[in-house]
Amino acid sequence: MTSRRTFVAAPYGFAAIALGLHLVSGVSTAQPSGPVVIGHRGASGYLPEHTLPAYALAHGQGADYIEPDLVRTRDGVFVCLHDVYLDATTDVATVYPERARADGRWYAADFTLEEVRRLRAHERLLSRFPRGRSRFTVPTFEEMIELVAGLNRTTGRRAGIYPELKAPAWHREQGLAMEEPFLEILRRHRAGSPELPVYVQSFEPEPLIELRRLGSPLPQVFLVADSETDPPRLDDAALERIAEFADGIGPAKTLVERDPGLVERAHRRGLVVHPYTFRADDVPAGYASFEEELASFLGKLRVDGIFTDFPDRARRWLDGSTAGASR
Ligand code: G3P
Ligand code: CA
């Protein structure tokens, strides 16, 4: 699959020099121009989330970025999982029935990588890829990076990675702080180079601030969840604060729907807007189709990208739309 997307360089060169990261002709981080398609947990609408096949399919379907959520094992290895626990997407309760904590959950931080490797991964949503068919495993972050980099080379189509640090404060309490070893992995794999674009994301501001303190030049996105009881305020003052440590926001899409001016306000502060999550099998009320929802966000609201479980549908929509061109 080919893409007509082009990439533009972002000015992170000096910090990159300090960190020894991804230097190409004194300019570093490359980002696609125009709205980007982020394969959310891979192409998780089609294959079990956070598995290498799901990531490979997202690549083949034309995702600009592929998203791993990251947690750490007891021996400190970054693995691709949405939750700090293993029981929602693996057979850990069957393989290690005695290893749950008092709250009844099986935490990745209590298992070594070798133990995690014995588990079979499955899709979270019962309506999607059937459980018990095929064998899937929990990949490490480095395996994910190597897969994307390898596909970039063999297909000639460049996709980036969009890793999310899951629960960094909780990991720190467990003695598994994430920031330094995470940067070390990115450095080793030249993430952020034109060959492997990257965005780093987190719902917590502190790790993003810490990554900057450690000298990371990589673009960062601050995730913002919605809440019926306590909705976040994304007013000008809040965006100013976010712009001190991030290059974009990743709001729940309902936040953009209720406050369409948010996109323009964020853009005025140089922040990109990448809302989540767009699902063809869960189209919200008010839209006649998934494509109508895509048209609203990518066409009318002019967000800079979307997290989607169905990268092929978003790619197709963008490729047939003027919103897919550089702007
Ligand atoms: O990271 C964007 C989106 O994935 C945030 O929600 O809970 O699916 O990680 P979550
Ligand atoms: Ca995520």
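Residue numbers run consecutively from 1 along every chain, following the written order of its sequence. Written order decides the labels, with chains lettered from A and ligands numbered from 1. It should be noted that, the model being predicted, local features are given only for residues of pLDDT at least 70 and side-chain atom pairs only at 80 or more, the latter also being counted only at that level, while totals for whole chains, interfaces and linings use all residues. As a rule here, side-chain values cover all heavy atoms of the structure and leave hydrogens and water aside.

Participant: How do you make sense of the coordination of the calcium ion (ligand 2) when you look at a structure like this?
Facilitator: Each protein donor to the calcium ion (ligand 2) is listed here as E67 (OE), D69 (OD) and E164 (OE); together their distances run 2.1 to 2.4 Å. Considering all 6 donor atoms around the calcium ion (ligand 2), angles at the metal cover 63 to 159° and the coordination shape is irregular. Listed donors are limited to N, O and S atoms within 2.8 Å of the metal, widened to 3.2 Å for Na, K and Ca; water is not among them, so incomplete-looking sites are possible. Of note, the calcium ion (ligand 2) draws all its donor residues from one chain, in the sequence arrangement E-x1-D-x94-E. On the criterion of sequence distance, the pair formed by D69 in strand β5 (residues 69-72) and E164 in strand β8 (residues 164-165) is long-range, its members being 95 residues apart. Buried, partly exposed and exposed residues are distinguished by accessible area as a fraction of the type maximum, computed with a 1.4 Å probe on protein chains only: under 20%, between the cut-offs, and over 50%, respectively. Given the relative accessible area of 4%, E164 is considered buried. Donor angles set the geometry label: tetrahedral for four donors if every angle is between 85 and 135 degrees, square planar for four and octahedral for six if opposite donors exceed 155 degrees and the others are between 65 and 115, irregular for anything else. Strands here are runs of E lasting at least two residues and helices are runs of H or I lasting at least four, both read from the DSSP assignment and numbered beginning at the N terminus.

Participant: Help me out: how do you make sense of the packing of helix α12 (residues 290-300) against helix α13 (residues 311-319) in this one?
Facilitator: Relative placement of two packed helices is described by the angle separating their axes and the distance separating the axes. Helix axes are fitted only over the stretch in contact, all axes being lines through C-alpha atoms; the angle between N-to-C directions runs from 0 to 180 degrees. Where α12 meets α13, the axes come as close as 10 Å, and the angle between the chain directions of the two elements is 60°. The angle between α12 and α13 falls in the class oblique. Relative to α13, the crossing made by α12 is right-handed. Residues F290, E291, L294, A295, L298 and G299 of α12 form the contact with α13, whose own contacting residues are R313, A314, W317 and L318. An angle below 35 degrees is read as roughly parallel, one above 145 as roughly antiparallel, one from 65 to 115 as roughly perpendicular, and any other as oblique. Each helix crossing is assigned a hand: it is left-handed if the near helix lies turned anticlockwise from the far helix by less than a right angle, otherwise right-handed if that turn is clockwise. Only heavy atoms matter for contacts: two residues are in contact if any of them lie within 4.5 Å across the pair.

Participant: Hey, could you run me through the nonpolar core in this one?
Facilitator: The biggest cluster of nonpolar side chains holds 68 residues, and the ones touching the most others in it are F141, I161, F182, L186, I242 and V303. As used in this record, nonpolar core signifies buried Ala, Val, Leu, Ile, Met, Phe, Trp, Tyr and Cys residues forming a set joined through side-chain atoms within 4.5 Å. V71, Y107, A121 and F129 belong to the second-largest nonpolar core, a separate cluster that totals 23 residues.

Participant: For this particular structure, what's the right way to read the pairing of strand β3 (residues 36-39)?
Facilitator: Regular strands have side chains that alternate between both faces of the sheet. Side chains V36 and I38 project from β3 onto one buried face, and the interleaved V37 and G39 project onto a second face that is buried too. When DSSP finds two or more bridges between two strands, those strands count as paired. The sheet contact formed by β3 and strand β13 (residues 305-308) spans 4 bridges and is parallel. Looking at β13, one finds that G39 is bridged to T308. When β3 meets strand β4 (residues 65-66), the two strands line up parallel, connected through 2 bridges. The partner of G39 across the bridge, within β4, is I66. Handedness is read with the strands pointing away from the viewer; a crossover is right-handed when the path from the first strand over the helix to the second is clockwise. Once the chain exits β3 it traverses helix α2 (residues 52-60) before rejoining the sheet at β4, and the crossover so formed is right-handed.

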